[in-house]
Amino acid sequence: YFVDFGDGTSKSYNDSDPTFFVEPFVIAHDYVDPGNYTITITAANKYSDASFVTSDLLIIQDPVEGMRIFGPDIVQVPDGIALYEVAPDSMISLPSNPWCQWTINGDALSIFPSANIEDDNEELHTEQFSRSDIGVTQMINFTCWNMVSSQTLLLSHPVEELLTELSLDLSA
């Protein structure tokens, strides 16, 4: 057997035992970097000049982990604007090919690939709350995943009414 691992390395495997084909043949290889690799195996034997070639795509990814979510402790209406930020931990391997989704109070927003998280940048989302949200604790979820793992971050905060321009008439 000749194996091309698709990362610039290859290895030949030989076995002179004629019953070698009876047991599964296990090949192990460590990849240094995440990415897409095409593995090609060429098989031949000493009894024939014919060979068999097969290849398959292998995707190596770093896991989704170590992200943090930030947002307001309280959202005040009027205004009612809340900015949420998810930041990856640059001290660990950044996730490969992450897909992400914001969920606000159980309402799932669109699913999107996040080049920001993969490139060690923040993922931002702005949400507008109104008077009808006053007194309700808002549940914010951010989920990111790839083919290796997933991570869900949770944040909650109340929406409160901001009172302005109050006056007190003590003359009565």
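In every chain, residue numbers begin from 1 and rise along the written sequence. The predicted nature of this model means local features are confined to residues of pLDDT at least 70 and side-chain atom pairs, given and counted, to a pLDDT of 80 or more, with totals for whole chains, interfaces and linings taken over all residues. Here the side-chain values reflect all heavy atoms present in the structure, with hydrogen atoms and water set aside.

### Focus: the side chain of Gln 61
For step 1, the next point in the chain: Inspection of the secondary structure assignment puts Gln 61 in the loop between β4 (51–60) and β5 (68–70).
For step 2, the next point in the chain: A distance of 2.9 Å separates a polar atom in the side chain of Gln 61 from the backbone nitrogen of Met 147.
For step 3, the next point in the chain: Other than its neighbours up to four places away in sequence, Gln 61 contacts Pro 34, Ser 96, Asn 97, Asn 146, Met 147 and Val 148. Segments assigned H or I by DSSP are reported as helices when at least four residues long, segments assigned E as strands when at least two residues long, and all are numbered from the N terminus. Polar contact is defined as a pair of N or O atoms within 3.5 Å, subject to the rule that within protein one atom must be able to donate a hydrogen and the other to accept it, and that residues adjacent in sequence are counted only when both atoms are side-chain atoms. Whether two residues are in contact is decided by their heavy atoms: any pair within 4.5 Å suffices.

### What about a nonpolar patch on the surface?
For step 1, the next point in the chain: To count toward a patch, a residue needs a relative accessible area above 30% and no salt bridge. Like charges then connect within 9 Å, nonpolar side chains (Val, Leu, Ile, Met, Phe, Trp, Tyr) within 5 Å. The Shrake-Rupley method, run with a 1.4 Å probe sphere, supplies the accessible areas, and residue values consider only the shown protein chains as cover. By definition, a salt bridge exists where a carboxyl oxygen of Asp or Glu is found within 4 Å of a side-chain nitrogen of Lys or Arg. A surface patch of nonpolar side chains, amounting to about 380 Å² of accessible area, comprises Leu 57, Ile 59, Met 147 and Val 148.
For step 2, the next point in the chain: Summarising the element assignment, Leu 57 is placed in strand β4.
For step 3, the next point in the chain: The rule is simple: take the accessible area with a 1.4 Å probe, protein chains only, and divide by the maximum for that residue type; under 20% is buried, over 50% is exposed, in between is partly exposed. Note on Leu 57: relative accessible area 49%, which makes it partly exposed.

### Here's the deal with the side chain of His 125
For step 1, the next point in the chain: Looking at the element boundaries, His 125 is found in strand β10 (residues 123–128).
For step 2, the next point in the chain: By relative accessible area, His 125 is classed as buried at 16%.
For step 3, the next point in the chain: For His 125, the side chain forms a polar contact with the side chain of Glu 127, separated by 2.8 Å.
For step 4, the next point in the chain: Beyond its immediate chain neighbours, meaning those up to four positions away, His 125 contacts Ala 82, Leu 83, Tyr 84, Trp 102, Ile 104 and Leu 109.

### Let's talk about the sheet that holds strand β11 (residues 137–145)
For step 1, the next point in the chain: Taking strand neighbours across the sheet as the criterion, the five strands line up as β6-β12-β11-β8-β9 in an open arrangement whose pairing is mixed. For this open sheet the edge positions go to β6 (75–77) and β9 (107–113), each flanked by a neighbour on one side alone. Neighbouring strand axes in the sheet, compared pairwise and without regard to direction, differ in orientation by 20° on average.
For step 2, the next point in the chain: Think of it this way: DSSP has to see at least two bridges between two strands before they count as a pair. Alignment of β11 against strand β12 (residues 150–161), held across nine bridges, turns out to be antiparallel. Across the sheet, residue Thr 137 finds its bridge partner in β12, namely Pro 158. Here, axes are lines fitted to C-alpha atoms. For helices the fit covers the stretch in contact, and angles between N-to-C directions go from 0 to 180 degrees.

### Quick look at the pairing of strand β8 (residues 99–104)
For step 1, the next point in the chain: Most of β8 sits inside the fold, with five of its six residues counted as buried.
For step 2, the next point in the chain: Note: β8 against β9, five bridges, orientation antiparallel. Each residue of the ladder has a partner; that of Gln 101, found in β9, is Ile 111.
For step 3, the next point in the chain: Taken together, β8 and the strand that follows it, β9, pair antiparallel across an intervening segment of two residues, in which Asn 105 is found at a positive phi of about 50°.
For step 4, the next point in the chain: Note that β8 and β11 share six bridges and pair antiparallel. The partner of Cys 100 across the bridge, within β11, is Cys 144.

### Description of unusual backbone geometry
For step 1, the next point in the chain: A cis amide bond links Val 77 with the next residue in sequence, Pro 78, at an omega value of 5°.
For step 2, the next point in the chain: By the secondary structure assignment, Pro 78 is in the loop between β6 and β7 (81–87).
For step 3, the next point in the chain: Within the chain, Asp 79 stands out as a residue other than glycine whose phi angle is a positive 90°.
For step 4, the next point in the chain: By the element assignment, Asp 79 lies in the loop between β6 and β7.
For step 5, the next point in the chain: Even without being a glycine, Asn 105 presents a positive backbone phi close to 50°.
For step 6, the next point in the chain: Of note, Asn 105 is situated in the loop between β8 and β9.

### Side note on the sheet that holds β5
For step 1, the next point in the chain: One open sheet accounts for three strands, arranged β5-β7-β10; its pairing is antiparallel. On the outer flanks of this sheet lie β5 and β10, each paired with one strand and no other. Put simply, the sheet's adjacent strands are angled 20° from each other on average, direction ignored.
For step 2, the next point in the chain: As defined by bridge partners, β5 adjoins β7 across three bridges and the pair is classed as antiparallel. Within β7, the residue paired with Phe 70 across the bridge is Glu 85.

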